[in-house]
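Coordinate analysis (summary)
Listed here are the chains, written in short residue letters.
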Amino acid sequence: MAVSAAGRSTPWWVPWVLVAPGVVWLGVFFVVPMVRLGMLSLDDGGLSNFVDVFADNSEVVLRTFWYAAVATVAAVALGYPLAYVIATRGGRAKGLLLGLVVLPFFTTYLLRAIAWRVLLGGNGPVVGFLQAVGLFGPEDGVLATDLAVIGALTYNYLPFMVLPVFVSLEKVDRRLVEAGQDLYGGPLRTFRRVTLPLSLPGVFAGSLLTFIPAAGDFVNAEFLGSDNQRMIGSVIVANFAKEFLKPQMSALSFVLMALILAGVLVYARLLGTEDLA
Amino acid sequence: MHPSITRRRFLGGLAAGGAAAALAPTLLTACGDDSSGSSGGKKVVFHNWPLYIEGDDPATSPTLTGFTKAVGFAVDYTTAVEDNDSWFDKFSPDLAKGKGVGVDIVVLTTWMAARMVERKYVQAFDAATFPNKKNVLADLADSPWDKGRTATIPWAQGQTGIAYWPDKAGFEIKSMADLLDPRLKGRVTLLSEMRDTVGLMMLLDGKKPEEAKVADALAAIEKIKAARDKGQFRKITGNSYTDDLGAQEAWASVAWSGDIAQLQAEKPGLKWVLPAEGAMSFTDWAMILIGAPNKAGAEKLLNYVYDPAVAAGLYESIAYRAPVQGAVEKMSAEARKNPLINPGAGVKLHEFRVLTADEDKQLAEAFNAATQQ
């Protein structure tokens, strides 16, 4: 029987009661659908569905993870300096600046994709500017390119990178930075040897929060891409309701989950999870 | 499937579909699962495609409000059919168990209507409450999959052809062959509805879709795949093709007539053409589901729509071919001249043969592999 700090014992069942709602919730809304999806994926072909669907969609699978990886790296490149400035130079404006980071979330995801479509469209300001300065010809465009889809993925998931990195940087003990400077470390060296390693758990968490939903995204590919920018989510969404393709699409859903899980495990193995922010 | 869907309508449709699905069990409880077909409720629950009634607004639709005034039943009308597959996916599990889903009438495309009939998910009409069924156009009065039109009745018929921007394309498009022209590389969209796109390609090959052989359809699919692999197509998609076409990101699209009638109202430069080798038509069929809470009311509604005077107003408004004899004669002179409403005897339209389950699966998988991966 557990003993509380005040010396009173806690009944053995209390932790179970506390954890039960969450377990039931996940059981009903995650495990049960997953089991049903798993059974469905074995219909009409069994395990060969997995092999077939992976072989048939290998190009889309590779493209999906490539997009998600590039968007994650771009989010680190954009988000880390932003989080660093807010954490170290934000002063009293920290709250405001963080509010601005999450401001896009006040509009729906779909509307943000549509806004990008207008912005990058053939009659939009981006293409108009590029044509005006002579970089684009009359028929060139930004929509239906890898850049458009990856750019939108980066934009949409950037706050998921900034926030954990910010928290991680906030937790860095300033005295360690000062100690580094006292030991004749220049700003760059101090950053590289002290601040960066201590903030890596935030980068790790932000990378997971960016990469996982980006790999499952389909809205941006749908609105900003062409057939050459399709992602796994696009294929599943387009075909899941088709009766004859349901097993294959269920299998493809599992392939997507398995690949994301494998990637996350490798990443966790490399960086460790002990100090996650 | 066919009418143009604006973003607002798309989202509204999603919400309506979700609400309908969420409310279905409640409706069942409230109305009772009256599969006997008696008039158990005072409203008719109707699932239809967007833009298939006047103004897409049941509150102001003269057809629906007129029916309520004349017959006394309210109509719970929602644009819950976003596409055939998603509607079927949502409701077929209960229908397969012989249970009603709280819906009286649904409108689905030929191939799905045939599936609904084959699986006995629909009920036969009662001639006593639907006498105007005799007014159905002669060419739609019978089909191999519903002999004598016992359980399905056409709601609307449209055309599948080509819409394009002449100034962008730079040449006159007359045929599906023109959509494979390298000058349009990356600027063409095809429909992800297999029967429409493959049917048009088969016509280009000189094959008739109404007599489709699997080998011919597979050859057409192979041709589509070869062009897609070369980057000819921007997208092979459903309703959302109108986004690319409307924004002139796509210069030429395989398109549904209803969509283009809507788009042309805003963008008169958009041109509609039926391919020289032949065009496809589609028909969406109204049917009464098993377990319909108000079968008699549903039949009375269809009977009301099949009054030529009512049909004239409805189909003139939504710009689809009226499937009701005598309706065209009661339309305005302008509507009678509109080829989308009144195609005329000279226009040869084709409709894909109803496939067996095995053929359907084989072609669906081949088309999917060629266009969606």
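Residues numbered from 1 in each chain as written. Chains lettered and ligands numbered in written order. Predicted model: local features only at pLDDT ≥ 70, side-chain atom pairs only at ≥ 80, totals over all residues.

Notes on the overall build of chain B
The secondary structure content of chain B amounts to 14 helices and 11 strands. Of all 373 residues assigned to chain B, the portion counted as buried reaches 52%. Across chain B, contacts joining residues at least 24 apart in sequence account for 77% of those joining residues at least 6 apart. (Helix = DSSP H or I, 4+ residues; strand = E, 2+ residues; numbered from the N terminus. Buried ≥ 20, exposed ≤ 12 C-beta atoms within 10 Å, placed from the backbone. Contact = placed C-beta atoms within 7 Å.)

Focus: the overall build of chain A
When helices and strands are tallied, chain A shows 12 helices and 2 strands. Taken from the N to the C terminus, the helices and strands of chain A come in the order β-β-α-α-α-α-α-α-α-α-α-α-α-α. For chain A, the C-alpha atoms occupy an extent of roughly 65 × 60 × 35 Å along the three principal directions. Considering chain A as a whole, with its 277 residues, one finds that 33% of them fall into the buried category. When contacts within chain A are restricted to residue pairs at least 6 apart in sequence, those whose partners lie at least 24 apart make up 73%.

Points about the pairing of strand β7 (residues 233–237) of chain B
All names here are of chain B. Counting buried residues along β7, 5 of its 5 residues qualify, which places the element largely inside the surrounding structure. Of the pairings in the sheet, the one linking strand β6 (residues 188–191) to β7 comprises 4 bridges and is parallel in character. Counted as the bridge partner of Val188 is Phe233 from β7. (Pairing = 2+ DSSP bridges.)

A short note on unusual backbone geometry
With glycine set apart, most residues show a phi of negative sign, and most peptide bonds adopt trans. Located in the positive-phi region is Leu51(B), a residue other than glycine, with phi close to 65 degrees. In this fold, Leu51(B) is placed in the loop between β1 (43–47) and α2 (62–71).

Comments concerning the interface of chain B and chain A
Contact residues are listed per partner, giving 23 residues for chain B and 19 residues for chain A. Residue assignment for the side of chain B that touches chain A shows that the elements contributing at least two residues are α3 (84–96), β7 and α14 (357–371) of chain B. No other element matches α14(B), which puts 6 residues into the side of chain B that touches chain A. Here the side of chain B that touches chain A is composed, by residue class, of 6 nonpolar, 7 polar and 10 charged. (Nonpolar A, V, L, I, M, F, W, Y, C, P; charged D, E, K, R; others polar.)

Description of the environment of Asn132(B)
All names here are of chain B. Inspection of the secondary structure assignment puts Asn132 in the loop between β4 (122–123) and β5 (152–164). Through-space distance from the C-alpha of Asn132 to that of Pro308 is 9.1 Å; in sequence the pair is 176 residues apart. The contacts of Asn132, once residues within four sequence positions are left out, are Asn303, Tyr306 and Asp307.

Some thoughts on the nonpolar core
Membership of the largest hydrophobic core comes to 108 residues, with the highest contact counts inside it found for Leu289(B) and Ala311(B). Of the residues forming this core, the biggest block, 8 residues, is contributed by strand β10 (residues 279–289) of chain B. In contact with Ala311(B), not counting residues within four places along its chain, are Val305(B), Tyr306(B), Ala322(B), Val324(B) and Ala327(B). Ranked by size, the runner-up nonpolar core spans 52 residues in total, among them Ala148(A), Phe160(A), Phe166(A) and Phe204(A). (Core = buried A, V, L, I, M, F, W, Y, C linked by C-beta atoms within 7 Å.)

Details of the packing of helix α11 (residues 232–239) of chain A against helix α12 (residues 246–271) of chain A
Geometry of a packed helix pair, given as the angle between the helix axes and the separation of the axes. Residues and elements named next belong to chain A. Interhelical geometry of α11 versus α12 gives an angle of 155 degrees and a closest axis separation of 10 Å. When the axis of α11 is compared with that of α12, the two are roughly antiparallel. The interaxial crossing formed by α11 with α12 has left-handed handedness. In this structure, α11 uses Ile232, Val235, Ile236 and Asn239 to contact α12, whose residues at the interface are Met249, Leu252, Ser253 and Leu256. Among the residues making up the contact of α11 with α12, the classes are represented as 6 nonpolar, 2 polar and no charged. (Axes fitted to C-alpha atoms, helices over the stretch in contact; angles between N-to-C directions. Parallel < 35°, antiparallel > 145°, perpendicular 65-115°, else oblique. Left-handed = near helix turned anticlockwise from the far one by under 90°.)

A word on α12(A)
Given 3.6 residues per turn, any residue in an α-helix points the same way as the ones three and four places further on. For α12(A), with 26 residues, the first-to-last C-alpha span of 37 Å sits near the 38 Å given by 1.5 Å per residue. Of the surrounding elements, those touching the buried residues of α12(A) are α1 (13–41), α2 (48–56), α9 (187–216) and α11 of chain A. (Expected span 1.5 Å × (residues − 1).)

Considering the environment of Pro154(B)
Residue and element names in this part refer to chain B. With respect to the helices and strands, Pro154 occurs in strand β5. By the C-beta count within 10 Å, which is 25 here, Pro154 ends up buried. Put simply, Pro154 and Thr109 are 45 residues apart on the chain and 9.3 Å apart in space, counted from C-alpha to C-alpha. Apart from residues no more than four positions distant in its own chain, Pro154 is found in contact with Val136, Leu140, Thr283, Trp285 and Pro323.

Observations concerning the confidence of the model for chain B
Residue and element names in this part refer to chain B. Predicted confidence across chain B gives a mean pLDDT of 87, with 89% of residues reaching 70 or more. Considering each helix and strand of chain B separately, the mean pLDDT is smallest for helix α1 (residues 7–31), with a value of 38, and largest for β4, with 98. Counted against residues more than four places away or in other chains, residues 1–41, with its pLDDT under 50, gives 78 contacts. As a predicted assembly, this complex carries a pTM of 0.78 together with an ipTM value of 0.73. (pLDDT = per-residue confidence, 0-100.)

Some thoughts on the packing of helix α8 (residues 174–182) of chain A against α9(A)
Residue and element names in this part refer to chain A. Axis separation between α8 and α9 bottoms out at 10 Å; the angle between their running directions is 145 degrees. Remark: the crossing between α8 and α9 carries right-handed chirality. Along the contact surface, α8 presents Leu176, Val177, Gly180 and Gln181, while α9 presents Thr190, Arg193, Val194 and Thr195. Among the residues forming the contact of α8 with α9, the class breakdown is 3 nonpolar, 4 polar and 1 charged.

A closer look at the pairing of strand β2 (residues 74–78) of chain B
All names here are of chain B. Most of β2 sits out of view: 4 of its 5 residues are buried. Strand direction decides the pairing type here: β1 and β2, joined by 5 bridges, are parallel. Among the inter-strand pairings, Phe46 is bridged to a residue of β2, identified as Tyr77.

Considerations on the environment of Ser199(A)
Locating Ser199(A) in the fold gives a position in helix α9. In this structure Ser199(A) touches Val165(A), Ser168(A), Leu169(A) and Val172(A), once residues within four positions along its chain are discounted.

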